[in-house]
Amino acid sequence: MIKTLLKILKKMLYGILGIILLIVIVGAIFMNTSPQFGGKPSEESLVRIENSPNYNGEGAFKNAELTLATTGMKLSSFPKFFTNGDNKVPSEELPQNKLTKDYFENEPNQPRITWFGHSAMFIEMEGTNIFIDPMLGDVPAPHPLLGNPRFNKELPISIENLPEIDLVLISHDHYDHLDYGSIQQLKNKVKQFYVPLGIKAHLTEWGVPSEKIKEFDWWEKSSINGIEFVSTPARHFSGRGFTRNNTLWCSWVLKSENNSIFFSGDSGYGKHFKKIGEKYGPFDFAMMECGQYNEQWAHIHMMPEETVQASVDVQAKTMMPIHWGAFKLALHEWTDPIVRASNKAKELNVKMATPIIGEAIIVEEKYPSSKWWTSK
């Protein structure tokens, strides 16, 4: 009886080990053959990366101040990532404006900003079409089975109906900001890509011509059509697959003779916001990360109250919370970011825009401010 039981247990153990081995093999094949994970830098890019003051010389970029990826991770939290309860996702699709080709044919006198959800922002400025972090895919992950779907099944406008895009700005290479499928569909519409150091390799791997891509270290800048674009610091991390921090992350300043706009990218709260404000502020409008936060990773994402304070630090006349309203990537209620940010903005007397997805923001003219999330 005991021998029989031992044989059964032995077979079960071999079976479990076989399953684990199979998962490892399949995972390795997927990681090494799937284009979603991008490419490796060219020799030219490597020289710039290794000479960057933001590179630690050991194969990784670093933040300007001590930044921990985890600040007390709790094992009890892990099961919650796989559930949608506790209002982590809306019970129905969110309201959004449906756009047509005609929408982009008449640009207002002032910059117009259109939110596509999360951190995807379409900006029309000085006759220039700019798309920031155009993650337009269904799932912020390298495979549909590895992530949660977008709250809304459709975008405000299909990618094929978007106008020609003069410039795409990328803040970092995480899947909810740099999406393989979106780049594949957009690349023939885009004249130029501005990206942080190291990300050029991903784009060239995906078929974007090298001459259309320009890489930036922090504080480096370039101009198009009278608009100065500056890659400014953020407090975050990067990585696709199992590698971390082999590409840089950043925020972006957009500054013309008439207007100035700030995009925070993903960032924990830090001293860099005041430095950016001192150097390039005040800003007419700032799009500030506000969502996917938790005390367990408090250094790399801001709490909503910090988001509002950061907008004060960069000297923004009006701010908009972004990085929410499209995906579930954290454990908070889906409305928590905007509710907490609204309360803090009221406390600090900060002017805040709250558009629905696809609704126009016209700088210094039209700032939507309805509390549309309260009806969901």
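Residues numbered from 1 in each chain as written. Predicted model: local features only at pLDDT ≥ 70, side-chain atom pairs only at ≥ 80, totals over all residues. Heavy atoms only, no water.

Taken as a whole, this structure holds 23 aromatic pairs when the rule is applied. For the ring pair tryptophan 115 and tryptophan 324, a centre distance of 5.7 Å and an interplane angle of 35° mean the geometry is tilted. In this pair, tryptophan 115 is assigned in strand E1 (residues 112-115) and tryptophan 324 in the loop between strand E12 (318-322) and helix H7 (336-348), connecting sequence segments 209 residues apart. The class for tryptophan 115 is buried, based on a relative accessible area of 1%. A relative accessible area of 3% means that tryptophan 324 is categorised as buried. Pairing phenylalanine 122 with phenylalanine 131 gives two aromatic rings, centres 5.1 Å apart and planes at 65°, and the pair type is edge-to-face. For the pair formed by phenylalanine 122 and phenylalanine 131, the shared burial category is buried. Through a chain of ring-to-ring contacts, the aromatic side chains of Trp115, Phe151, Trp324, Trp334, Trp372 and Trp373 assemble into a single cluster. (Phe/Tyr/Trp six-rings, centres within 6.5 Å; stacked < 30°, edge-to-face > 60°. Helix = DSSP H or I, 4+ residues; strand = E, 2+ residues; numbered from the N terminus. Buried < 20%, exposed > 50% of the residue type's maximum accessible area, 1.4 Å probe, protein only.)

Quick look at the side chain of histidine 332 now. Relative to the helices and strands, histidine 332 resides in the loop between E12 and H7. Engagement of the side chain of histidine 332 in a polar contact is seen with the backbone nitrogen of glutamine 292, the distance being 2.9 Å. In this structure, histidine 332 is in contact with Lys88, Gly291, Gln292, Tyr293 and Pro337, ignoring residues within four places of it in sequence. (Polar contact = N/O pair within 3.5 Å; in protein donor to acceptor, adjacent residues only side chain to side chain. Contact = heavy atoms within 4.5 Å.)

On to the side chain of asparagine 129, then. Counting through the fold element by element, asparagine 129 comes out in strand E3 (residues 128-132). Beyond its immediate stretch of four places on either side in the chain, asparagine 129 contacts Phe122, Ile123, Glu124, Pro163, Glu164, Ile165, Asp166 and Leu167.

A few words now on the sheet that holds strand E5 (residues 190-196). The seven strands lie next to each other as E6-E5-E4-E3-E2-E1-E14, forming an open sheet whose pairing is mixed. With partners counted over all chains shown, the strands left at the sheet margins are strand E6 (213-216) and strand E14 (360-362), one partner each. For this sheet the average axis-to-axis angle between neighbouring strands, irrespective of direction, equals 20°. Of the strand pairs in this sheet, E3 and strand E4 (residues 165-169) are connected by three bridges, and their pairing is parallel. For isoleucine 132, the partnering residue across the bridge sits in E4 and is leucine 169. (Pairing = 2+ DSSP bridges. Axes fitted to C-alpha atoms, helices over the stretch in contact; angles between N-to-C directions.)

Further remarks concern the pairing of strand E9 (residues 251-255). Where burial is concerned, most of E9 is hidden: four out of the five residues are buried. Here strand E8 (residues 227-232) runs beside E9; their pairing, made up of five bridges, is antiparallel. What sits directly across from phenylalanine 229, in E9, is leucine 254. Note: E9 against strand E10 (residues 260-263), four bridges, orientation antiparallel. Residue lysine 255 lies in a different strand from E10, and its bridge partner there is serine 260. Counting the residues between successive antiparallel strands, the hairpin from E9 to E10 contains four residues.

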